[in-house]
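# Survey of secondary and tertiary structure
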Amino acid sequence: MKAPLLRRIALAVAAPLIAAVVAILISSIVLALSGSDPIETFKTMLENGTRLETMIDTLNRATPLYLAAVAAAIGFRMNLFNIGVEGQYILAAFAAAVVGAHINLPGPLHVAVIIATAMLVGALWAGLAGLLKVTRGVSEVISTIMLNFIAVGGIVAALLPHVIEDPTAANQGTPQIPESGWLPDLNGIVEIFTREILRGRRLTGVLVIAIVIGIVYHIVLNRTRFGYDVRASGMNPTAARAGGVPPKRMILLAMIGGGLVAGLVGMPEILSDTHAYDQGFIQGLGFAGIAVALLGRTTAGGMAIAALLFGFLDSSAAILQVSDLASSEIVVIMQATILLVAVIAYEVVNRIKQRDEVKRASRMAGVTA
Amino acid sequence: MSTTEQLQPTPSPVPPMQGALTTRINALPGWARWSLAATVGVFVLSFVQEVSGTSLLTAESTSRAMVRWAIPILLAGLGGLFAERSGVVNIGLEGMMILGTWFGAWGALNWGPWGGLIAGFVGGALGGVLHAIATVTFGVDQVVSGVAINILAPGLARYMSERVFSGMTGGSVSQSPRVNGFDKFTVPVIADVLGTIRDWDVFLISDMAGLLRGFVASVSIFTVLALLCVPFTAWLLWRTRFGLRLRICGENPWAGESLGVRVFGHKYIAVAISGGLAGLAGAYIVLELSGLYRGGQTTGRGFIGLAALIFGNWRPWGVLAGAMLFSYPFGLALVDFDAQRSGVATRALLLVIAICLYATAVWLWFAQRRDDKRREQMLASTSTGYSSPTASWMNMLGALGRAPSGRLSALAAILATISLIWYLATDRAAAWLPNTMPYVLVLLVLVFAAQRLRPPAAAGIPYRRGEH
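Nothing here was measured: the structure is a model prediction, and the numbers come from that model.

## Describing the packing of aromatic side chains
All names here are of chain B. The tally for this structure, following the rule as stated, stands at 22 aromatic pairs over all chains. With a centroid separation of 5.2 Å and an interplanar angle of 85°, the aromatic rings of tryptophan 102 and phenylalanine 103 are classed as edge-to-face. Residue tryptophan 102 shares its accessibility class with phenylalanine 103, and that shared class is buried. With centroids separated by 5.4 Å and ring planes inclined at 35°, the aromatic side chains of tryptophan 102 and phenylalanine 165 adopt a geometry described as tilted. Placement of the pair is tryptophan 102 in helix α5 (residues 93-137) and phenylalanine 165 in the loop between α6 (142-164) and β1 (184-185), with a sequence separation of 63 residues. For the pair tryptophan 102 and phenylalanine 165, one class covers both residues: buried.

Written out as structure tokens, the structure is:
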């Protein structure tokens, strides 16, 4: 008998390792083909990545990505392809910005109302797709894509002209939220550890919320009855149904849960950056979040690593743009290659694992027979 | 999945639950059925046009704008048809279309419009092959791979334009220099005849001639080729050996393999064609709509193509109908929102939607009553003394079917009333309305007809040799 433990560990690390190596290889080839120096480019990215400002930038970028990933992952765990995080967070951020600007409450309460509004709107929009699925059997892939278009091109586009502060401004947006509705940054905590005074960059306070969400996601999914039902429904819907898990209620709950988290995706922008929803509001986080969720295998830890990786790559795009070494678009190619290679590698490793399992089972059956 | 299909295998004396008219319509070939639906649609449009004081609803310019807008959606939808009929869900159509826009512009810059057309096809097909490698060879989840391609394609296109187009005059990282499209031409005799009929100004007939003239007057060869793809696809997939084998891969690949069909090969070809058609859609946007490559110019048309595919029940004529239906509000808005007339005709569309929803409500109500009646007859004929397992199963099915139908009818009526009130309360539509209408239409169609649609049975399921 071979050492199965060693093989198991090797298989577990293999997929991400292969993905990283192949992605670096492919991007090097692309870089070399287009006349840039790959080694110099990667060196610059790494050197830049170890600076404190870049780390904070990475964390700031990783926070919404992580929230979007968790939002998508809740559905993925049940084989629900919730493509609608994009529309859910934009609609939620818009509603939160409008509500936040029109109320006046003392500090923490103001922030809480903004967050609650965002989560509620996100849940409603996602719940609509869930409702269509359970009552009419409408595929959630198509309905969430359509709801994305309706949210961004329809509802927000229709309502934004009614709430803008200054119609003559180049970048029209909602009025800024009063300062009581701002979330304090985490620079104080960073300065304790680094003993460096941060200038310019501010670490978003939403990071704490994202960490809490990650922990809650992990505990609910792995340590509660509900999480067990979710995972069972995803792995084998027929068996779950036979075991008394109501499939319709689970679909609805999973969509609403995803929507609650999706509502938070826009919060770094609303609570600690621009404090308003304007025409330049960041878009595309929903789709990036799906990539992060897939790369992180929908586990809380895996997605955190994937979000940090994507955040780091996004942050180095800015540096590459300045450095003139390579086109900053190489970063997007790297992200997509990592994702594509990783999902293929996961699948291959999965097959090897299954084959091992079959072999082991047949060997054991042979022994007992 | 309709009730009919579930009932058929059971040895029951009750005929399928359909009216005589429905049966007759269903017996027609695809193109005839959709022509009939289109005629009814034009009738409603002509009627509303008379009521609400606009002439744009059936104008030739509206029709031409609709066709130009519909072609990318149509090509993407046909691309989705090839892939899904072979059992591979292709959510990456959008990404493949983006590849098509870049390659189309690049080809057109080097070799003129025909070069752009071919390069667009090849570029999209490369994306398709990538999707096939991931999903067919490695068995990766098809939606996952599609999402990855949707992320990869815009980055790749931007990277390549940075390398290729930035150096050219008029080009930059986000756009290419201007490219020349195909020349426009008018089909001689047909266009003249239709023009004459249009000018008679007879209700319905002239309206229809005006709309049809938009298909033949000042069109480009690319548009004609794209429209010809519909009958060609119908012939290729439903009348040839290759098509039969390809569809087997989407319905039951295990059975196909046992009959000697090369499942992997057919899936590869189908997904490559799928990407190629999406690439053609991208090339069309570049050559015919915008005249240059620009980042983000596909604006989700790949997804609407997917919706057209579902609307058309995974059939080529249905995809054409879906593409036209979803493009109509856009086409109308393009004509409607130019000068002074802004929004008047688009507002009239609300009345069209209201009428269609009321019709849906009535139809659902009658369908429910008919089903109830049949159920009573069935009960009378089967409950003779004892209850067979089949009969109780039927009763259960009936109880399941009854309640939602009535509620749906009510929902349709409520939505219709909202639309009607909206129509009556406004003078002109807001600019965002036509941008939203196609997506709302898709949702409405899915809500009221989702159960009647039948996707290929094995679409989305990774296939592995020798399993099952």
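## Points about the confidence of the model for chain B
For residues with low pLDDT, the predicted coordinates do not support detailed interpretation. All names here are of chain B. Per-residue pLDDT for chain B has a mean of 83; in total, 88% of the residues score no lower than 70. Here residues 1-17 scores under 50 on pLDDT; set against residues more than four positions off or in separate chains, the count is 26 contacts. Interface predicted TM-score (ipTM) for the complex: 0.85; the corresponding pTM is 0.86.

## Considering the interface of chain A and chain B
Taken together, the contact between chain A and chain B spans 41 residues of the former and 41 residues of the latter. Across the chain A to chain B interface the summed buried area is about 3,700 Å²; carbon plus sulfur atoms make up 77%. For the interface between chain A and chain B, the tally reads zero salt bridges. The interface formed by chain A and chain B holds two residue pairs in polar contact (both at pLDDT 80 or more) in total. Elements with a minimum of two residues in the side of chain A that touches chain B: α1 (4-33), α5 (107-136), α6 (140-163), α13 (285-295) and α15 (330-368) of chain A. Grouping the constituent residues of the side of chain A that touches chain B by class yields 29 nonpolar, eight polar and four charged.

## Quick look at the pattern of salt bridges
Opposite charge on two side chains permits them to pair, given that their charged atoms come into close proximity. Within the structure shown, the criterion is met by 14 salt bridges over all chains. Between Glu140(A) and Lys133(A) there is a salt bridge, and its shortest N-O distance comes to 2.9 Å. With relative accessibility at 26%, the residue Lys133(A) sits in the partly exposed group. Notably, a salt bridge pairs Arg360(A) with Glu357(A), separated by 3.0 Å at the nearest N-O pair. Here Arg360(A) and its partner Glu357(A) are both found in helix α15, three residues apart, which amounts to about one turn of the helix. The exposure class of Arg360(A) is partly exposed, given its relative accessible area of 36%. In this structure, a network of salt bridges that share partners links the residues Glu60(B), Arg64(B), Arg198(B), Asp199(B) and Arg213(B).

## Quick notes on the nonpolar core
Of all hydrophobic cores here, the largest spans 223 residues; its most connected members are Met267(A) and Tyr277(A). Ranked by residue count, the leading element in this core is α15(A), at 15 residues. Residue contacts for Met267(A): discarding those within four places in its chain leaves Ala93(A), Ala96(A), Ile114(A), Ile115(A), Ala118(A), Val206(A) and Ser272(A). Core analysis: the next-biggest nonpolar cluster, separate from the first, contains ten residues, Val88(B), Ala132(B), Trp254(B) and Phe264(B) among them.

Here is what the cut-offs are and how they apply
- Residues numbered from 1 in each chain as written.
- Chains lettered and ligands numbered in written order.
- Predicted model: local features only at pLDDT ≥ 70, side-chain atom pairs only at ≥ 80, totals over all residues.
- Heavy atoms only, no water.
- Phe/Tyr/Trp six-rings, centres within 6.5 Å; stacked < 30°, edge-to-face > 60°.
- Buried < 20%, exposed > 50% of the residue type's maximum accessible area, 1.4 Å probe, protein only.
- Helix = DSSP H or I, 4+ residues; strand = E, 2+ residues; numbered from the N terminus.
- pLDDT = per-residue confidence, 0-100.
- Contact = heavy atoms within 4.5 Å.
- Buried area = accessible area lost by both parts, 1.4 Å probe.
- Salt bridge = Lys/Arg side-chain N within 4 Å of Asp/Glu carboxyl O.
- Polar contact = N/O pair within 3.5 Å; in protein donor to acceptor, adjacent residues only side chain to side chain.
- Nonpolar A, V, L, I, M, F, W, Y, C, P; charged D, E, K, R; others polar.
- Core = buried A, V, L, I, M, F, W, Y, C linked by side-chain atoms within 4.5 Å.

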